[in-house]
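The chain contents come next:
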Amino acid sequence: MATSTVPRPERETRDSVVIRFAGDSGDGMQVTGSQFTLETALAGSDFSTFPDFPAEIRAPTGTTFGVSAFQIHFGGTDVMTPGDAVDVLVAMNPAALTVEVSDLKVGGTVIVDTDAFNERNLKKAGYAKNPLEDDSLAKYQVLKFDITKLTTDAVKPHGLSSREAHLCRNMWALGLLLWMYGHERTATIEWLNRKFAKKPVIAAANIAALNAGHAFGETAEMTEHMVGYVVPKAAVQAGRYRTVSGTDGLAWGLIAGLRAAGIEKMVFAGYPITPASALLHTLANLRAYGVVTFQAEDEIAASGAALGASYAGALGVTSSSGPGIALKTEMLGLAIATELPLIVIDSQRAGPSTGMPTKAEQSDLFQAVHGRNADAPLAVLAPTSTADCFDIAIEAVRLATKYMTPVIVLSDGYLAHAAEPWRIPREAELPRFPVTYRTEPEGFHPFLRDPETLARPRVKPGTPQLEHRIGGLERDYDSGHISYDPDNHARMTKARADKIAGIANDIPLQGVALGEDHGKLAVVGWGSTFGAIHQAVKIAREEGNDVAHIHVRYLSPFPRNLGDLLRRYERVLVPEMNNGQLVKLLRAEYLIPAESFGKVTGKPFRVTEIVQGIRRVIGE
């Protein structure tokens, strides 16, 4: 007998989409987001991610301060930020809904697990009544599924306990979203088999949940809201790509810098602190590339070990976040006094003190540039994106080894964990700057200076006839011996300052990222604000405004043309995730009336926030 079928609706096309997965810190939202990102990359979309998780290792289940979220913005366009308003929110419990729903755009889709919306969880989340049963979500498209039951049914053949079955809910939700946006599941299935290779039953159950979520989207009774979408592939430069986080970029960039300098070993000494610990974990797995990792008993010991490694001829690297950088300050002073290369990675977080450990801020700029006793300048760099972390790490090694100076790299909690596509460079494309060690004893003393760079010679301890000692006490300019002569101290202080200032002659001139090199308004940023500022300036220019984007990667010393460039604009606006640090440095250095636009919420700028700031300044 013939049967009639209802034709499935055509998939709708979206240029770009913002999705946020949210739930308890034990619900696997970071894993879910990471796997969706992987499948998105394989689908050919450009993307940017924003993992956002609580500071507590495991907050009480169902509470708002235990909500963990992962946001991804992907599309066929040039994606430079994790997105502003959210198109689709997956809320695994009431707490996730109440924390995250305010970012969902009007008309956006929210997917909920109805099983989690019980009286106990609703009370923990602060709901007096169930939002799924009133009109409080009327401005959104709400898709209500009993994800818990659907998952339990899918994994039942595998004999899991109730708790183990519950832990598979995130894979069911992932499967549904992969169907919704036409992504494959192959890479995720392969990953599950690898991850649970010693627990094949768990792997099989998670794969069953993943497939069940995908099949649900494929076969469920369709509503006008639950439809499939097509997101076009992005146009990208030819090459081999992979997903890279800021932590990955820094780790690989340090190794590339090690190779470029011709140094045999990198000694990375660190102490656990959020969000910097990820770099220690990453480098610990790269021993085959000449990396030695050491977890010290505290931050001071870590920086001392790295500095000692540099003295011995290795590449010394240490890493921390704001509170730990403060503890490393004395050892940084020693590195400046002894004029030894040292790389310091600062993954900035919200402060002061312990502050908000998992939230991003750009509040260590003053500490990096000026945060030491005496006149103690050093080089400070800041990457603009997760991919740029690779290049900035190489540059940090170059400057540290060429100028015999510590170099601080200012990353932040957002860059450390965010991800984007990265074109893997060919080895021939990478720079080379081999380090030269002094071996000639004639006329040697440890503080002789190269006439071009003012750097002192680098000598491996034990080199015949080049035995010497260095330390924190002041040295005589002409002999390297300890000296308390006031005129000599003034001369040495000036020499150290001139050496750092001279780096300005060895770095690129400051360019304009978007717009003209003169005009009514320049929006100046640094670090991870690049994407948001760039997109905002693009929108403002499309509205007919005379505005340009300038992004500063070299923060000490500044590029030698930066002052002249800024003076060509009538006004300068400086968005940064602090209460106005770069803006004060620019005012002090160049005496320009730069205007501050600070944000200290622990979250990155939204494009719309900067657009509004530009409109305010243009309209005045």
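Predicted model only: the values in this text are computed from it and were never measured.

## Brief notes about a nonpolar patch on the surface
So, point 1. On the surface, a nonpolar cluster with roughly 330 Å² of combined accessible area is contributed by L473, I482 and Y484.
So, point 2. You can see Y484 is positioned in the loop between β16 (419-423) and α17 (486-502).
So, point 3. When its relative accessible area of 67% is taken as the criterion, Y484 is described as exposed.

## Structural notes on empty space enclosed by the protein
So, point 1. Inspection of the entire model under this criterion finds five cavities of 30 Å³ or more.
So, point 2. Roughly 80 Å³ of volume is contained in the largest cavity.
So, point 3. Surrounding the largest cavity, 13 residues form its lining, P51, T358, A360, G413 and Y414 being those nearest its centre.
So, point 4. Listing elements by their share of the lining of the largest cavity, those giving two or more residues are β3 (46-52) and α16 (413-417).
So, point 5. Considering only residue class, the lining of the largest cavity consists of seven nonpolar, four polar and two charged.

## Observations concerning the pairing of strand β20 (residues 569-576)
So, point 1. In terms of residue burial, β20 counts as a mostly covered element, since six of its eight residues are buried.
So, point 2. As defined by bridge partners, strand β17 (residues 519-526) adjoins β20 across four bridges and the pair is classed as parallel. Considered in β20, the bridge of G519 is made with Y569.
So, point 3. Note on the crossover from β20 through helix α20 (residues 582-590) to strand β21 (residues 595-598): the handedness is right-handed.

## Points about the sheet that holds β17
In a beta sheet, neighbouring strands are held together by backbone hydrogen bonds and run either parallel or antiparallel to one another.
So, point 1. Reading across from one edge, β18-β17-β20-β21 is the order of the four strands in this open sheet, with parallel pairing throughout. Here the strands that pair on one side only, and so sit at the sheet edges, are β18 (547-552) and β21. Strand-to-strand twist in this sheet, taken as the mean axis angle between neighbours without regard to direction, amounts to 25°.
So, point 2. Along the sheet, α20 contacts β17, β20 and β21; its crossing angle with β20, the most-contacted strand, is approximately 145°.
So, point 3. Sheet strands touched by helix α21 (residues 607-619): β17, β18, β20 and β21. Its angle to β20, the strand with the most contacts, is close to 155°.

## Structural notes on the side chain of Q362
So, point 1. As for its placement among the helices and strands, Q362 is situated in the loop between β13 (342-348) and α14 (365-370).
So, point 2. Residue Q362 is classed as buried on the basis of its relative accessible area, which comes to 1%.
So, point 3. Side-chain polar atoms of Q362 contact the backbone oxygen of W526, separated by 2.7 Å.
So, point 4. Those residues in contact with Q362 that lie beyond four places of it in its chain are Q348, D412, W526, G527, S528, T529, E576, M577, N578 and Q581.

## Some details on the side chain of Q581
So, point 1. By secondary structure assignment, the location of Q581 is in the loop between β20 and α20.
So, point 2. Here Q581 falls in the buried class, since its relative accessible area comes to 11%.
So, point 3. When neighbours within four sequence positions are excluded, Q581 is seen to be in contact with Q362, S363, D364, L365, F366 and E576.

## Overview of helix α13 (residues 329-338)
So, point 1. For α13, the tally of buried residues reaches eight of 10 residues, placing the bulk of the element in the interior.
So, point 2. Among the residues of α13, T329, M331, L332, G333, A335, I336, A337 and T338 are the ones counted as buried.
So, point 3. Where α13 is buried, its residues contact α11 (299-311), α12 (322-327), β13, β15 (406-412) and α17.
So, point 4. Phi for E339, located one or two positions after α13, is positive at around 55°.

## Brief notes about unusual backbone geometry
So, point 1. Looking along the chain, the bond that leaves T274 and enters P275 is cis, with omega of 0°.
So, point 2. Along the chain, the position of P275 falls in the loop between β10 (266-270) and α10 (277-284).
So, point 3. Backbone torsion omega between S556 and P557 reads -5°, so that peptide bond is classified as cis.
So, point 4. You can see P557 is positioned in the loop between β19 (554-556) and α19 (562-566).
So, point 5. Phi at S353 is positive, roughly 50°, even though this residue is not glycine.
So, point 6. One non-glycine residue, A374, lies in the positive phi region at around 70°.
So, point 7. With respect to the secondary-structure elements, A374 resides in the loop between α14 and β14 (379-381).

About the thresholds
- Residues numbered from 1 in each chain as written.
- Predicted model: local features only at pLDDT ≥ 70, side-chain atom pairs only at ≥ 80, totals over all residues.
- Heavy atoms only, no water.
- Patch = residues over 30% accessible without salt bridge, like charges linked within 9 Å, V, L, I, M, F, W, Y side chains within 5 Å.
- Areas by Shrake-Rupley, 256 points an atom, 1.4 Å probe, with all protein chains shown as cover.
- Salt bridge = Lys/Arg side-chain N within 4 Å of Asp/Glu carboxyl O.
- Helix = DSSP H or I, 4+ residues; strand = E, 2+ residues; numbered from the N terminus.
- Buried < 20%, exposed > 50% of the residue type's maximum accessible area, 1.4 Å probe, protein only.
- 1 Å grid on protein atoms, 1.4 Å probe; cavity = no way out; pocket = protein on both sides within 12 Å on 5 of 7 lines; lining within 4 Å.
- Points joined across faces, edges and corners; volume = space filled by probe spheres on them.
- Nonpolar A, V, L, I, M, F, W, Y, C, P; charged D, E, K, R; others polar.
- Pairing = 2+ DSSP bridges.
- Right-handed = clockwise from strand over helix to strand, strands pointing away.
- Axes fitted to C-alpha atoms, helices over the stretch in contact; angles between N-to-C directions.
- Contact = heavy atoms within 4.5 Å.
- Polar contact = N/O pair within 3.5 Å; in protein donor to acceptor, adjacent residues only side chain to side chain.

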